[in-house]
Amino acid sequence: MRIVFKLPDQSQVDVDASEGQSLMRAAVDNGIPGILGDCGGQCACATCHIYIDQDWIGKIGPANLDSTENMMLEGAPVDIRSNSRLGCQIILNADCDGLIVQVPEGQ
Ligand code: FES
């Protein structure tokens, strides 16, 4: 499937990703700048923070308020928005083909 990463400089990178892979892994494996995945997907670093495109947030969903993901986002030095997610907590499935995400500025 195709995932579109929009970068802070307004460029975009399309990557091939696999069902069952996390969004973070798809980014890291394709060298997307600003997505580090330092904790390896354990929901413990927030270096995989991304914004889900507004046209997609309804399908992907926001971070659950009671989740470890939400606690990590609130404690991280990032600009949290309503469409903020940790990429490691999004496991790609067939419905994600064409997903558009924004890499935050200065990350
Ligand atoms: S990779 Fe560390 S929180 Fe996602």
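Residues numbered from 1 in each chain as written. Predicted model: local features only at pLDDT ≥ 70, side-chain atom pairs only at ≥ 80, totals over all residues. Heavy atoms only, no water.

Draft legend 1. Region of the structure containing the sheet that holds strand β4 (residues 84–86). Strand order across the open sheet formed by five strands is β2-β1-β5-β3-β4, with mixed pairing between neighbours. Of all the strands in the sheet, the pair left with one neighbour each is β2 (12–16) and β4. Neighbour-to-neighbour, the strand axes of this sheet turn through a mean angle of 35°, independent of strand direction. Packed on one face of the sheet, helix α3 (residues 68–75) meets β3 (49–52) and β4 and runs near 115° to β4. (Pairing = 2+ DSSP bridges. Helix = DSSP H or I, 4+ residues; strand = E, 2+ residues; numbered from the N terminus. Axes fitted to C-alpha atoms, helices over the stretch in contact; angles between N-to-C directions. Contact = heavy atoms within 4.5 Å.)

Draft legend 2. Representation of the environment of Thr 68. Looking at the element boundaries, Thr 68 is found in helix α3. On the basis of relative accessibility, which here comes to 44%, the residue Thr 68 falls in the partly exposed class. A C-alpha to C-alpha distance of 26 Å links Thr 68 and Val 4, two positions 64 residues apart in sequence. (Buried < 20%, exposed > 50% of the residue type's maximum accessible area, 1.4 Å probe, protein only.)

Draft legend 3. Seen up close, the nonpolar core. Counting residues in each nonpolar core, the largest one holds 30 residues, and the members touching the most others are Phe 5, Leu 23, Ile 52, Leu 92 and Leu 99. With four residues, the top contributor of residues to this core is helix α1 (residues 23–29). Ignoring anything within four residues of it in the chain, the contact list for Ile 52 reads Leu 23, Ile 57, Ile 60, Asn 83, Arg 85, Ile 90, Leu 99, Ile 100 and Val 101. (Core = buried A, V, L, I, M, F, W, Y, C linked by side-chain atoms within 4.5 Å.)

Draft legend 4. Region of interest: the side chain of Arg 85. Locating Arg 85 in the fold gives a position in strand β4. Look at Arg 85 and you get buried, because its relative accessible area is 7%. There is a polar contact of 2.7 Å between the side chain of Arg 85 and the side chain of Glu 69. When sequence neighbours within four positions are dropped, the list of residues in contact with Arg 85 reads Cys 48, His 49, Ile 50, Ile 52, Ile 60, Gly 61, Pro 62, Ala 63, Glu 69, Leu 73 and Ile 90. (Polar contact = N/O pair within 3.5 Å; in protein donor to acceptor, adjacent residues only side chain to side chain.)

Draft legend 5. Broad picture of the packing of aromatic side chains. For the structure on display, the rule yields zero aromatic pairs. A cation over a ring is seen here: Arg 81 above Tyr 51, with NZ or CZ 4.1 Å from the ring centre. (Phe/Tyr/Trp six-rings, centres within 6.5 Å; stacked < 30°, edge-to-face > 60°. Lys NZ or Arg CZ within 6 Å of the ring centre and 35° of its normal.)

Draft legend 6. Representation of the pairing of β2 within the structure. Sheet topology note: the strand β1 (residues 2–6)/β2 ladder contains five bridges and is antiparallel. Paired with Ile 3 across the strands is Val 15, a residue of β2. What sits between β1 and β2 in their antiparallel hairpin is a turn of five residues, with Gln 10 showing a positive phi close to 80°.

Draft legend 7. Structural view of unusual backbone geometry. In this structure, Gln 10 is a non-glycine residue whose phi angle is positive, near 80°. Relative to the elements of secondary structure, Gln 10 occurs in the loop between β1 and β2. We classify Gln 10 as exposed; its relative accessible area is 73%. Its identity as a non-glycine residue notwithstanding, Ala 46 has a phi of 65°, on the positive side.

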